[in-house]
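Below, each chain spelled out in residue letters.
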Amino acid sequence: MSQQNLVPLATPLREHYDVVIVGAGIAGALIAKRLADKGNHVLILEAGRSTSVTPDGYQSYVENFYTALGKSPNSPYPENPNAPTSLTEIGPLPFGSNYVRAKGGTTMHFLGISLRMCPNDFRMKSLYGVGVDWPIGYDDLLDYYRQAELAMGVSADVEDQAYHGIHFPKGYVYPMHKVPLSYLDQVTSRSLNGMRFKFGQKTYDISLTSVPQARNSMPNPKYDGGKGYRPVGAAGDPERGKRCEGNSSCIPICPVQAKYSALKTLAAIPASHCHILTQAVASQVMLDGNGRVSGIQYKVYQDESSGQHTVHTARGTIYVIAAHAIETPRLLLASPKVCRNSVALGQNLMDHPMPVAWGLMPQNIGACRGPATTSGVESLRDGEFRSRFAAFRMDYGNWGWEFATGSPYADVTAAVAKGAFGKKLRDQLASTLPRQVYIDFLMEQLPDAGNTVTVNPQYLDPLGNMVPLIHYDIDEYTRTGFVNAFKFKDAFFKRLGMKDCTAGQPQFSAQVECDGQMFYYYGAGHVVGTHRMGSSAGDSVVNLKQRAWEHDNLYLAGCGNMRTIATSNPTLTMAALTLWAADNIQSDLDSRRRA
């Protein structure tokens, strides 16, 4: 990986750039690469560290994970007081999700599942009378989905993914073949053969489907008309990580970088046309007298133990805020007069509230090996029932009860506490751990103006920047979905002959009540909706081109632009929208040069 585009200076190398981008996550990286490849000069401001730019630095994150007592999604990445990710909660329910502020962004700890949205997901209001419609449809993103799957190196087989109206151009193949199904997947698929489940007024065929993943598997020789695909190895060590090694730590970190992260895209950007300033916290979007963005004020810190910093301004022709669906509205709300007529700014915060369950299979299914998830139940992602309650997709977990109960460590502790030692302890663990199964449900959530990201000058970080305040709740539409998801869980476990061991509150989870039942949920880390796109300024922040309605040289990128969350992990759709935005920015630059 070239180190030349990592600028360890407080000021940029140029006085003026074609494009200034805030955020070195996947959205900022994809836009920067596309524009730099076309000869534009780009500056990226990143609030967090650049620890991961060298193999040794990345390995320090891996070691942090290995030694952390709590294996949370952010355990490899030390808290940075000057670029905090801890959230101040002011709502009735915990939000439950977090993100990473570092070079590479939240792709540093994401799972890598790269699902397309279903065509009906774009028309929730028209079809089901709930939520909102998108101003674009599935076919508008069809080629951008292809581009995103190439940029992220997605592994999947088309025949597995053609369901609920999802379709592909004739002859299309993914860059790499699907990640092989686990032994658990294979046993379960045979048991589910012929299963049907009534949901609402319709009966659905239930099956287990492999999930597309931004993770290196076997390259598909038929890709790109027979040219094939070359897997992208680790940033800084490209011969490493060209195949998934099954290290079983995809969340929060892949030790060999076989899983995609934005580091790979950043490493491929020509250094001559892209400068990256890390530890440079954007603090204000500045406007000129005509309402156009004139610069990004940012604060540079050297010592994380203090709030000492220097203040600078980055200037360009076009500006892009790609700082995450929480940090982007935070920055805009902290900037006087920016997007102030866009009432949707900071509103409609959504996630996938994720209730979980776990059980014991009657036979050894080889738990605790490979990627966290290699399959899921996609059968109930769409249907007429969505007019009354939330759809969901079900992740099928390969790591036993680790996420819910802290297994296998907790199993060992509990067994020893009950007097099990030596052979008795080994036999007890050997009879239970390989049979453990974990599932979670990614529940659809509707946009709600009451779920917000806001700021208040009384809440500041050490650099004096306002921190995001989160107001979050789960409405009856989703809560009723919880109830129905667990009805499906009961039928699913029964079909497999699985003992339901779901009991008590899982570690680190939150709780919500519906119909007299208590459900425990996690946040999926799928944060969307806070600066959504639309057809008018009255209910959105950006237009179809992903440009802010109020400022003609300001673009926003990221999951915050999405109008609904549906049931799919949002990264792939966000990447497609981001590449769409990059093309629009290029057209904008070309028009300005001609003028």
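Scroll up to find the structure.
For the structure given in this document, a descriptive report is provided here. These numbers come from a predicted model, not from an experiment.

Some thoughts on the pairing of strand β4 (residues 196-199)
And step 1. Of the two faces of β4, the one lined by F197 and F199 is fully buried and the one lined by R196 and K198 carries no buried residue.
And step 2. Both β4 and strand β5 (residues 202-205) contribute to a ladder of four bridges, which runs antiparallel. Bridge pairing in β5 links K198 to T203.
And step 3. Taken together, β4 and the strand that follows it, β5, pair antiparallel across an intervening segment of two residues, in which G200 is found at a positive phi of about 70°.

Notes on the packing of helix α1 (residues 26-37) against helix α14 (residues 571-594)
And step 1. Where α1 meets α14, the closest approach of the two axes is 9 Å, and the angle between their N-to-C directions is 35°. In terms of crossing hand, the pair formed by α1 and α14 is right-handed. In this structure, α1 contributes I26, A27, L30, I31, R34 and L35 to the contact, and α14 contributes T571, M574, A575, T578, L579, A582, D583, I585 and Q586.
And step 2. Tallied by class, residues from the contact of α1 with α14 come to 10 nonpolar, three polar and two charged.

With respect to the pattern of salt bridges
Pairing between side chains of opposite charge can happen when their charged atoms approach one another.
And step 1. In total, this model carries 29 salt bridges according to the counting rule given.
And step 2. Taking the shortest distance from any N to any O, the salt bridge between D395 and R393 comes out at 2.8 Å.
And step 3. Here D395 falls in the buried class, since its relative accessible area comes to 5%.
And step 4. The partner of R593 in a salt bridge is D590, and the shortest N-O contact between them spans 3.7 Å. With R593 and D590 both in helix α14, this residue pair falls three residues apart, about one helical turn.

Overview of the packing of aromatic side chains
And step 1. The full count for this structure, using the stated rule, is 27 aromatic pairs.
And step 2. Ring geometry for F168 and Y174: centres 5.9 Å apart, planes at 65°, overall edge-to-face. Considered together, F168 and Y174 belong to a single accessibility category, that of buried residues.

Details of the sheet that holds strand β8 (residues 280-287)
And step 1. Reading across the sheet, the three strands line up as β8-β9-β10 and stay open at both edges, with antiparallel pairing between neighbours. The sheet is open, and its two borders are formed by β8 and β10 (310-314), each paired with just one other strand. Ignoring which end each strand starts from, the neighbouring axes of this sheet average 25° apart.
And step 2. Here β8 runs beside strand β9 (residues 293-300); their pairing, made up of seven bridges, is antiparallel.

As for the nonpolar core
And step 1. Counting 98 residues, the largest nonpolar core has L45, I321 and L554 as the members making the most contacts within it.
And step 2. Here this core takes 10 residues from α14, the largest share from any one element.
And step 3. When sequence neighbours within four positions are dropped, the list of residues in contact with L554 reads V293, Y319, I321, L332, V338, C339, R547 and A548.
And step 4. Within the second largest apolar cluster, 57 residues are counted, among which are L93, Y204, L208 and A510.

Some words on the side chain of T107
And step 1. By the secondary structure assignment, T107 is in the loop between β3 (88-89) and α3 (124-128).
And step 2. A distance of 2.6 Å separates the side chain of T107 from the backbone oxygen of G104, its partner in a polar contact.
And step 3. Apart from residues lying up to four places away in sequence, T107 is in contact with I26, K259, Y260, S261 and A262.

Structural notes on the environment of F110
And step 1. If you trace the backbone, F110 turns up in the loop between β3 and α3.
And step 2. Each C-alpha atom of the pair F110 and T317 lies 32 Å from the other, and the pair is 207 residues apart in sequence.
And step 3. Dropping the residues within four chain positions of it, F110 is found in contact with M152, A214, C250, I251, K259, Y260 and T571.

Brief notes about empty space enclosed by the protein
And step 1. Applying the stated rule across the entire model yields four cavities of 30 Å³ or more.
And step 2. As a volume, the largest cavity reaches approximately 80 Å³.
And step 3. Classifying every residue of the lining of the largest cavity by side-chain character gives seven nonpolar, five polar and two charged.

A word on the sheet that holds strand β21 (residues 554-556)
And step 1. Spatially, the five strands line up as an open sheet ordered β7-β2-β1-β11-β21, and their pairing is parallel. What marks the edges here is a single partner per strand, and that holds for β7 (274-277) and β21. In this sheet, adjacent strand axes meet at a mean angle of 20° when their direction is disregarded.
And step 2. Two strands pair when backbone bridges link them, and strand β1 (residues 17-22) and strand β2 (residues 42-45) are joined in this way by four bridges, in the parallel orientation. Residue pairing for β2: I21 is matched across the bridge by I44.
And step 3. In this fold α1 packs onto β1, β2, β7 and β11 (316-321), with an angle of close to 165° to the strand it touches most, β2.
And step 4. Against the sheet, α14 contacts β1, β11 and β21, and its axis sits at roughly 165° relative to β11.

Details of helix α2 (residues 55-67)
And step 1. Along its 13 residues, α2 runs 18 Å from first to last C-alpha, staying within 8% of the 18 Å computed at 1.5 Å per residue.
And step 2. By the burial criterion, the buried members of α2 are G57, Y58, Y61, V62 and F65. Looking down the long axis of α2, one finds its buried residues gathered within 155° of arc, a one-sided arrangement. Exposed residues pointing more than 90 degrees away from the buried face of α2 are listed as D56 and T67.
And step 3. Buried residues in α2 make contact with α8 (262-267).

As for the layout of surface pockets
And step 1. Volume-wise, the second largest pocket comes out at about 450 Å³.
And step 2. Elements represented by at least two residues in the lining of the second largest pocket include exactly α1, α4 (142-152) and α8.
And step 3. If you tally residues by element for the lining of the second largest pocket, the top one is α4, at five residues.
And step 4. Grouping the constituent residues of the lining of the second largest pocket by class yields 11 nonpolar, four polar and eight charged.

So, how was this worked out
- Residues numbered from 1 in each chain as written.
- Predicted model: local features only at pLDDT ≥ 70, side-chain atom pairs only at ≥ 80, totals over all residues.
- Heavy atoms only, no water.
- Buried < 20%, exposed > 50% of the residue type's maximum accessible area, 1.4 Å probe, protein only.
- Helix = DSSP H or I, 4+ residues; strand = E, 2+ residues; numbered from the N terminus.
- Pairing = 2+ DSSP bridges.
- Axes fitted to C-alpha atoms, helices over the stretch in contact; angles between N-to-C directions.
- Left-handed = near helix turned anticlockwise from the far one by under 90°.
- Contact = heavy atoms within 4.5 Å.
- Nonpolar A, V, L, I, M, F, W, Y, C, P; charged D, E, K, R; others polar.
- Salt bridge = Lys/Arg side-chain N within 4 Å of Asp/Glu carboxyl O.
- Phe/Tyr/Trp six-rings, centres within 6.5 Å; stacked < 30°, edge-to-face > 60°.
- Core = buried A, V, L, I, M, F, W, Y, C linked by side-chain atoms within 4.5 Å.
- Polar contact = N/O pair within 3.5 Å; in protein donor to acceptor, adjacent residues only side chain to side chain.
- 1 Å grid on protein atoms, 1.4 Å probe; cavity = no way out; pocket = protein on both sides within 12 Å on 5 of 7 lines; lining within 4 Å.
- Points joined across faces, edges and corners; volume = space filled by probe spheres on them.
- Expected span 1.5 Å × (residues − 1).
- Arc of directions from axis to C-beta.

Take it as geometry only, folks, not as evidence of what the structure does.
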